[in-house]
Amino acid sequence: MSKFYITTPIYYPSAGMHIGHTYCTVATDAIARYKRLQGCDVMFLTGTDEHGQKIEDKAKAAGVTPKEFVDRIVEGERGVKDLWKLMNVSNDRFIRTTDDYHVAAIQKIFKKMYDKGDIYKGKYVGKYCKPCESFWTESQLVDGRCPDCGGPVYDAEEEAYFFRLSKYASRVQALLETGTFLEPASRVNEMINNFIKPGLEDLCVSRTSFTWGVPVDFDPGHVVYVWVDALFNYTTALGFMNDRYNDYEKYWPADVHIVGKEIVRFHSIIWPAMLMSMELPLPKKVYGHGWLVFNGEKMSKSKGNVVDPYLLVDRYGVDALRFFLLREFSFGQDGNFSNELLISRINSDLANVLGNLVSRTAAMVGKYFDGKLPENQEEGEFDGELIDAASALRAAYEKEMDRFALQNGLSEIFKVLNRANKYIDETAPWTLAKNEENKPRLARVLYNLAETLRICAGLLSPFMPGTGAEILRRLGDPASDWDSLGKWGLLPADASFEAGAPLFARIDVEKELAALDALLPKKPEEPKEEKTERPEPLPKIDFDAFMSVELRCAKVVAAEPVPKAKKLLKLTVDLGYEQRTVVSGIAKYYKPDDLVGKKLALVSNLKPAVLCGVESDGMILAAGEDPIRVVFLDDAVPLGERIR
Ligand code: MSP
């Protein structure tokens with residue numbers, strides 16, 4: 001039996017997993033299920049990437065340890081594992097980079113590359129993007145900002161270990177130029193032109209500015225760069241350099257790493273170079289899929305445009321959502337998500353074509369033959385075309401699926417389903433039913449429809465596991481293994497077809513859009529044109545009077561309501577050199593979560609005052625009376641910095 005090892009990127013545990021994350025994993029799941037259907041021995045790996053400064057910062061802001069923070073998001077309600085369960089993801093293994101066996105293996109891997117001379121100690125001077133955990137040179141920045149996420153970068157200087165990426169540049173280029181390692185082909189030029197040709201610089205692979213990472217065991221104070229830690233998950237999860245699993249020999253090298261386009265660089269340049277250094281076989285393929293965007297912008301919590309998979313599954317069911325994601329968008333390219341598209345796709349393909357064909361056929365088998373076809377059947381006009389289309393389906397589908405053209409794989413199935421619906425119009429079974437003599441012909445027409453549905457349901461099941469299985473169940477669980485799906489006529493002649501509830505209901509587009517609009521998170525309102533009346537000015541003060549007010553940058557590390565004081569929130573703010581409690585009358589306008597992690601301006605030399613039993617040591621700056629708006633500071637302002 002041939003082996004097939006497929007992976008998704010391991011996710012940063014962040015509270016707002018959205019439809020974009022779901023897209024990548026559901027697509028990988030469809031491929032894994034397809035390979036299983038073909039009879040392969042599949043290993044499908046996913047997991048979570050839990051180290052790094054970003055996690056350390058978020059945990060601190062939430063007032064918990066990093067491990068508590070990631071545990072909650074990975075294992076907790078509506079966490080990463082929950083989401084994959086909801087989406088019916090069939091991963092065989094789940095790795096957490098905080099798992100002991102992985103941590104110990106990473107230490108050995110790092111040491112091995114160090115002993116070989118491919119990792120050396122140096123000093124890093126350059127720019128750093130916190131959210132991407134990436135170092136950049138001045139020339140790599142785009143308009144002075146991070147080329148990956150477009151966010152601000154900061155000056156960074158620290159002693160660090162480097163990986164000799166430059167040493168492997170020509171081998172990596174040759175690998176990319178094979179044309180089979182990285183797909184779709186458009187991504188190859190991007191990698192060569194943007195990263196290899198300008199010159200690959202050695203990669204900074206350790207950090208000393210934070211501690212939440214795999215410690216470099218031979219040099220305390222350094223932690224392994226999160227991407228080195230993360231990439232090797234693909235091997236440690238199989239048991240490489242650890243005893244937890246014993247599948248490395250069996251499954252490595254991976255058949256394909258499915259990754260989003262923004263992390264193709266890590267997977268197609270840095271990852272093979274490190275494997276070359278470790279003298280390990282290289283993965284056979286990296287496939288860089290496009291992004292799901294919302295009105296042209298990548299989804300992100302800060303833009304307020306994330307789409308919640310829980311909400312969509314609740315309204316339409318998991319299979320409809322899986323189907324939509326993989327049918328609507330071309331996997332290698334970006335796709336623009338919209339509710340209209342989702343609803344129209346459900347109506348046009350699932351309710352009108354698939355659902356309708358299943359219910360019409362089953363209803364006719366029920367009405368004319370009491371749910372079970374007679375063996376006495378008669379071939380006739382139009383049969384040939386339908387039989388040819390259904391018999392050729394598996395091969396056409398396989399061709400598309402083998403190159404991960406998932407959208408086309410589905411479209412092949414729908415061509416046949418449409419053909420079957422047309423066959424109903426052509427053969428007009430209701431007319432045949434009027435005459436007892438035509439019963440054998442009628443039986444054959446319904447058999448052909450049911451047999452077409454057997455093949456289509458089997459091939460649909462990697463995309464819609466529940467629906468595929470349900471159609472097959474209603475057909476009496478006929479043969480549906482890979483071999484049988486390539487053959488016509490395997491449904492027994494006296495097959496039964498159970499009528500059941502409609503598989504997909506038609507949705508009223510306008511009503512549904514209005515309902516969704518009320519439910520989905522709103523985009524932040526466009527700022528209105530601001531017109532302000534001139535206020536009554538206060539008397540002028542001199543500079544010294546202003547300077548006597550000590551304003552400093554502070555970060556909110558915890559926030560909670562003050563019992564029995566509806567208007568008040570109790571904030572714990574961090575000035576870098578000390579923490580304070582401040583009470584503020586903003587409870588009507590902000591929830592604690594809106595504030596934690598944000599930087600603001602604190603009047604730090606205001607005399608303490610007791611408000612509703614809580615001592616407030618300072619005051620935060622805010623504007624307005626109703627609503628009150630807190631004056632937030634740019635994240636780049638250092639804690640404790642004087643504001644003047
Ligand atoms: N932790 C790294 C991966 C390490 S793999 C060794 C990471 N994690 S992530 O959580 O930020 O992203 C995981 C995957 O989700 C990526 O492939 C990313 O491209 C994908 N997506 C996140 N948002 C997406 C969309 N809006 N659309 C499509 N995929 C998107 O990167």
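Residues numbered from 1 in each chain as written. Predicted model: local features only at pLDDT ≥ 70, side-chain atom pairs only at ≥ 80, totals over all residues. Heavy atoms only, no water.

S.K.: Would you mind showing me how to read the overall build of the protein here?
M.R.: When helices and strands are tallied, the protein shows 23 helices and 26 strands. For the protein, with 644 residues in total, the buried portion stands at 54%. Across the protein, the fraction of contacts at a sequence separation of at least 24, relative to all contacts at a separation of at least 6, is 75%. Element-wise, carbon and sulfur atoms account for 50% of the exposed surface of the protein, whose accessible area totals about 29300 Å². Where the 82 positive side-chain charges of the protein centre and where its 94 negative ones centre are 1 Å apart. (Helix = DSSP H or I, 4+ residues; strand = E, 2+ residues; numbered from the N terminus. Buried < 20%, exposed > 50% of the residue type's maximum accessible area, 1.4 Å probe, protein only. Contact = heavy atoms within 4.5 Å. Areas by Shrake-Rupley, 256 points an atom, 1.4 Å probe, with all protein chains shown as cover. Lys, Arg positive; Asp, Glu negative; His and termini not counted. Charge placed at Lys NZ, Arg CZ, Asp CG, Glu CD.)

S.K.: Is there a simple way to think about the nonpolar core in this case?
M.R.: One broad trend across soluble globular proteins is that nonpolar side chains are buried collectively. Counting residues in each nonpolar core, the largest one holds 110 residues, and the members touching the most others are L326, L354 and I413. Looking at this core, the element that brings in the most residues is helix 14 (residues 339-369), giving 14 residues. Formed by 63 residues, the second largest nonpolar core is a distinct cluster that contains V103, L231, F232 and I269. (Core = buried A, V, L, I, M, F, W, Y, C linked by side-chain atoms within 4.5 Å.)

S.K.: Is there a simple way to explain the sheet that holds strand 4 (residues 119-129) in this structure?
M.R.: Each strand in a sheet pairs with its neighbour through backbone hydrogen bonds, running either in the same direction (parallel) or in the opposite one (antiparallel). Spatial strand order, 5-4-6-8: 4 strands in an open sheet with antiparallel pairing. Because the sheet does not close on itself, it has two edges, and the strands there are strand 5 (134-136) and strand 8 (203-204). As paired strands, strand 4 and strand 5 are joined by 3 bridges and run antiparallel to one another. Residue K127 lies in a different strand from strand 5, and its bridge partner there is W136. (Pairing = 2+ DSSP bridges.)

S.K.: Even after reading the chapter, I still don't get the site of the ligand, so can you show me in this structure?
M.R.: In the vicinity of the ligand, 25 residues are found, and the nearest of them are I10, D49, G260, E262 and L292. Note that an oxygen atom of the ligand is positioned 2.9 Å from one of the backbone N or O atoms of G260. The contact in question runs from an oxygen atom of the ligand to an N or O atom on the side chain of E262, over 2.8 Å. Calculation on the ligand without its partners gives an accessible area of 660 Å², and the protein chains cover 96% of this total. Secondary-structure elements contributing two or more residues to the shell around the ligand are helix 1 (19-37), helix 8 (226-231), helix 9 (233-236) and strand 11 (256-260). Top element by residues in the shell around the ligand is helix 1. It accounts for 4 residues. By residue class, the composition of the shell around the ligand is 14 nonpolar, 8 polar and 3 charged. (Near = heavy atom within 4 Å. Polar contact = N/O pair within 3.5 Å; in protein donor to acceptor, adjacent residues only side chain to side chain. Nonpolar A, V, L, I, M, F, W, Y, C, P; charged D, E, K, R; others polar.)

S.K.: How should helix 15 (residues 383-402) be read in this particular structure?
M.R.: Residues lying three or four places apart along an α-helix face the same way, a consequence of the helix completing one turn every 3.6 residues. Taking 1.5 Å per residue, 20 residues should reach 28 Å; helix 15 reaches 30 Å between its end C-alpha atoms and fits that length. The largest bend along helix 15 measures about 40° and falls at L393. Residues D383, L386, I387, A390, L393, R394, Y397, E400 and M401 constitute the buried set of helix 15. In the core, the buried residues of helix 15 are packed alongside helix 1, helix 16 (406-427), helix 18 (439-460) and helix 20 (482-485). Taken from the residues just after helix 15, F404 is the one with a positive phi, measuring 60°. (Expected span 1.5 Å × (residues − 1). Bend = angle between axes of the 7 residues up to and from the residue.)

S.K.: Please explain the pairing of strand 16 (residues 551-562) as it appears in this structure.
M.R.: Side chains on a regular strand alternate between the two faces of the sheet. Taken across its 12 residues, strand 16 has 9 buried, putting it largely inside the fold. Inspection of the sheet shows strand 16 paired to strand 17 (residues 565-574) by 7 bridges, in the antiparallel sense. Paired with E560 across the bridge in strand 17 is K570. Here strand 16 hands over to strand 17 after 2 residues, with K564 in that stretch at a positive phi of 60°.

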